[in-house]
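Report on the structure
Listed below, chain by chain, are the residues.
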Amino acid sequence: MTEAENTKPELPENVRVRFCPSPTGIPHVGMVRTALFNWAEARHTKGTFVFRIEDTDAQRDSEESYNQIIEALNWLGIDWDEGINVGGPDGPYRQSERGDIYKDVAAKLLEAGYAYESFSTPEEIEARNVAAGRPKAFGYDGYDRNLTEEQKAAFRAEGRKPALRIRMPDEDIAFDDLIRGRIEFKAGSVPDYVIVRPNGDPLYTLTNPVDDAMMNINVVLRGEDLLSSTPRQIVLYRYLIELGVAKEMPLFGHMPYVMGQGNKKLSKRDPESNLFLHRDNGFIREGLLNYLALLGWSIAADRDVFSMEEMIEKFDVRDVKANPARFDIDKAISINAEHIRMLEPQDFLNRAVPYLNRDGVVSADSWDALTDREREVLSASVDLVQPRVRLLGEVAGMVGSLLSTEGYIEPDDDAKKQLKDSAPAVLDAAIAALSAVDKADWKTDFLHETLNKALIEDGGYKPRLAFGPVRVAMSGRRVSPPLFESMEIVGKEIAVARLQGLREHL
């Protein structure tokens, strides 16, 4: 295969793209990036986005994975115009329901001589390669291309059933990739390949191009890992056009690999690739989609944060870079934090509540089902918390102490390390000063003034030594919402009780 930089082809007038995952496991970020780029291209060009499922591999496909893919797209807000659960003119949209279509096309390919029956077993192919001085795993050698009817009958008499192979032409195959420019495959570099197994099951090499052809897909955007199969698809498309199954050859664009740790392609087994793990950790869809868009594309050289509306306005697949993109979890979290800060406060709270409920901090998983006190505390704390969290999974750690009515919170280990020898005396002084504050004066600014005078001006402590023990007593954490605002939210009774509680445990 050779690549040459040149002008990338123009997109067709009415773009039709598709997303066609196999339901084999939990949705991963590479899969979602493919869906996102296809969706963005369709929306940018006001084209059509088709969603179908490639589920002809009964050994690996599962209904659970199928449902998870739909759940993932719905969560992310990636919608489609034709396909699963939507319908359209070219259904059904699950390959497992299109068996008769593939059988009919395969028969036409065989009858026209574009495909042929192949009786060779893998062991025989390897043995012939070794005998000819080729590597054992060299691949299929074309042995069955010109079998006579007598030879075929003899194989059948042995009980053999043939696979069907596509007859590859003896010529170079070239195309203009939307992302990579001109790509050429030399004659003979792609052997005749199987489209139907001996048991009659169609393979991806047949079903995928046939579906694209019959659904009039004219732009195929997919991963770089499928680039080596493109000459097969081009040849098959030529045959399908001759047979009247396909109207035109689609344009192809191969998106760059997503790399993980250590310069390796991000694997389905890598935690960073698990879409639902990111959701469980508290990514919001806006933040995750924004970051995934950056895996091969950018809206501007000096800008990383943008909305999906802005992406749709600017996206052109021909601007996608061919070089591998690296998944950087720290950058992803940073971008997610930016999107969290852009949410309306009530929207932020609505989204945070299920995580708070999961982590045992509130009584229900929806805002309307919370108690009056829970809603009151969360509303009072939203301006303190929203700018300080990067993931929704971090909210519980920030507001847990505010929602708790406990008079003593056991400090985390890293918070205990902040307590110096002066902590008991600091707490004694703080308790004395705060106990004298009238409830009507229990406000952020007055509390700040009171403790500042008692601990820093009168006590002579440096701010870190003065306020550190008070912070630990209030939240049990080294990092917490602003101290004096937190004290106002929980109220005098609980605040003083927590200072006393920590003092008693020192």
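Look a little higher up for the structure.
Residues numbered from 1 in each chain as written. Predicted model: local features only at pLDDT ≥ 70, side-chain atom pairs only at ≥ 80, totals over all residues. Heavy atoms only, no water.

Focus on the overall build of the chain
- When its secondary structure is counted, the chain shows 20 helices and 13 strands.
- Over its C-alpha atoms the chain spans a radius of gyration of 32 Å, topping by over 25% the 23 Å that the globule rule assigns to 506 residues.
- With the principal axes as the frame, the chain shows a C-alpha extent of 105 × 45 × 45 Å.
- Counting over 506 residues, the chain shows a buried share of 50%. (Helix = DSSP H or I, 4+ residues; strand = E, 2+ residues; numbered from the N terminus. Rg over C-alpha atoms; globule rule 2.2 N^0.38 Å. Buried < 20%, exposed > 50% of the residue type's maximum accessible area, 1.4 Å probe, protein only.)

Some details on empty space enclosed by the protein
- Here the structure, examined in full by the defined rule, presents one cavity of 30 Å³ or more.
- By volume, the largest cavity is sized at about 30 Å³.
- Ser 401, Arg 471, Met 474, Ser 475, Ser 480, Pro 481, Leu 483 and Ser 486 together form the lining of the largest cavity.
- Counting residues per element, the ones that place at least two in the lining of the largest cavity are helix H18 (463–475) and helix H19 (483–490).
- The greatest single-element share of the lining of the largest cavity, amounting to three residues, is contributed by H18. (1 Å grid on protein atoms, 1.4 Å probe; cavity = no way out; pocket = protein on both sides within 12 Å on 5 of 7 lines; lining within 4 Å. Points joined across faces, edges and corners; volume = space filled by probe spheres on them.)

So, the environment of Pro 324
- Mapped onto the elements of the fold, Pro 324 is located in the loop between helix H10 (308–314) and strand S13 (325–326).
- Sequence separation between Pro 324 and Thr 207 is 117 residues, and the spatial gap between their C-alpha atoms is 28 Å.
- Apart from the residues lying within four places of it in its own chain, the contact partners of Pro 324 are Pro 256, Tyr 257 and Met 259. (Contact = heavy atoms within 4.5 Å.)

A word on the sheet that holds strand S6 (residues 163–166)
- Read across the open sheet, the three strands follow the order S5-S6-S9; overall the sheet is antiparallel. Two strands bound the open sheet, and with one partner strand each, they are strand S5 (115–118) and strand S9 (193–196). Across this sheet, the average inter-strand angle for adjacent strands is 45°, counted without regard to direction.
- With respect to the sheet, helix H3 (residues 99–111) is in contact with S5, S6 and S9, its orientation differing from that of S5 by roughly 95°. (Pairing = 2+ DSSP bridges. Axes fitted to C-alpha atoms, helices over the stretch in contact; angles between N-to-C directions.)

Comments concerning the pairing of strand S11 (residues 251–255)
- Burial analysis of S11 places five of its five residues in the buried class, the great majority of the element.
- Alternating residues of S11 divide into Leu 251, Gly 253 and Met 255 and Phe 252 and His 254, and every residue in both groups is buried.
- Both strand S10 (residues 219–223) and S11 contribute to a ladder of five bridges, which runs parallel. Bridge pairing links Val 219 to Leu 251 in S11.

Looking at the packing of aromatic side chains
- Under the definition given, this model contains ten aromatic pairs.
- Between Tyr 114 and Tyr 239, the ring centres sit 4.2 Å apart and the planes meet at 5°, which makes this aromatic pair stacked. A residue pair is termed long-range when its members are at least 10 positions apart, and Tyr 114 in the loop between H3 and S5 and Tyr 239 in helix H7 (residues 230–243) qualify at 125 residues.
- Judged by relative accessible area, Tyr 239 falls into the buried class, the value being 12%.
- For the pair Trp 297 and Phe 306, a centre-to-centre distance of 5.7 Å together with 90° between the ring planes defines the contact as edge-to-face. (Phe/Tyr/Trp six-rings, centres within 6.5 Å; stacked < 30°, edge-to-face > 60°.)

Digging into the sheet that holds strand S2 (residues 16–19)
- In spatial order, the strands read S2-S3-S4; together these three strands make up an open sheet with parallel pairing. Both edges of this open sheet fall to S2 and strand S4 (82–83), since each of them pairs with a single strand only.
- With four bridges joining them, S2 and strand S3 (residues 48–51) adopt parallel strand pairing. Its bridge partner being in S3, Arg 18 is matched across the sheet by Val 50.

A word on the packing of helix H16 (residues 423–435) against H18
- Interhelical geometry of H16 versus H18 gives an angle of 80° and a closest axis separation of 9 Å. In terms of their interaxial angle, H16 and H18 are classed as roughly perpendicular. Contacts between H16 and H18 involve Ala 423, Val 426, Leu 427 and Ala 430 on the former and, on the latter, Leu 465, Ala 466, Pro 469, Val 470 and Ala 473.
- Residues of the contact of H16 with H18, tallied by class, amount to nine nonpolar, no polar and no charged. (Parallel < 35°, antiparallel > 145°, perpendicular 65-115°, else oblique. Nonpolar A, V, L, I, M, F, W, Y, C, P; charged D, E, K, R; others polar.)

Description of the nonpolar core
- Of all hydrophobic cores here, the largest spans 92 residues; its most connected members are Leu 36, Leu 109, Ile 166, Leu 206 and Met 311.
- Looking at this core, the element that brings in the most residues is helix H1 (residues 29–45), giving nine residues.
- Apart from the residues within four sequence positions on either side, Leu 206 is in contact with Tyr 102, Val 105, Ala 106, Leu 109, Ile 195, Val 196 and Leu 236.
- In this structure, Met 398, Ala 423, Val 426 and Met 487 belong to the second largest nonpolar core, which totals 53 residues. (Core = buried A, V, L, I, M, F, W, Y, C linked by side-chain atoms within 4.5 Å.)

Re the pattern of salt bridges
- By the definition in use, this model includes 41 salt bridges.
- Taking the shortest distance from any N to any O, the salt bridge between Arg 16 and Glu 82 comes out at 2.9 Å. Of the two residues, Arg 16 sits in strand S2 while Glu 82 sits in strand S4, which places them 66 residues apart along the sequence.
- When its relative accessible area of 15% is taken as the criterion, Arg 16 is described as buried.
- Of the residues examined, Glu 82 reaches a relative accessible area of 12% and is grouped as buried.
- Between Glu 286 and Arg 351 there is a salt bridge, with the nearest N and O atoms lying 2.7 Å from each other. (Salt bridge = Lys/Arg side-chain N within 4 Å of Asp/Glu carboxyl O.)

Concerning the environment of Leu 343
- Among the structural elements, Leu 343 can be located in the loop between helix H11 (329–342) and helix H12 (345–358).
- Linking Leu 343 and Leu 227, residues 116 residues apart in sequence, is a C-alpha distance of 40 Å.
- Once residues within four sequence positions are removed from consideration, Leu 343 is found in contact with Ile 284, Glu 286, Phe 348, Arg 351 and Gln 386.

Brief notes about the packing of H3 against helix H6 (residues 204–214)
- H6 packs onto H3 with a crossing angle of 100° between their chain directions and a minimal axis gap of 11 Å. In terms of axis orientation, H3 runs roughly perpendicular to H6. Residues Ile 101, Tyr 102, Val 105, Ala 106 and Leu 109 of H3 pack against Leu 206, Thr 207, Val 210, Asp 211 and Met 214 of H6.
- For the contact of H3 with H6, the class distribution of residues is eight nonpolar, one polar and one charged.

Note that all results are geometric; they support no functional claim without further evidence.
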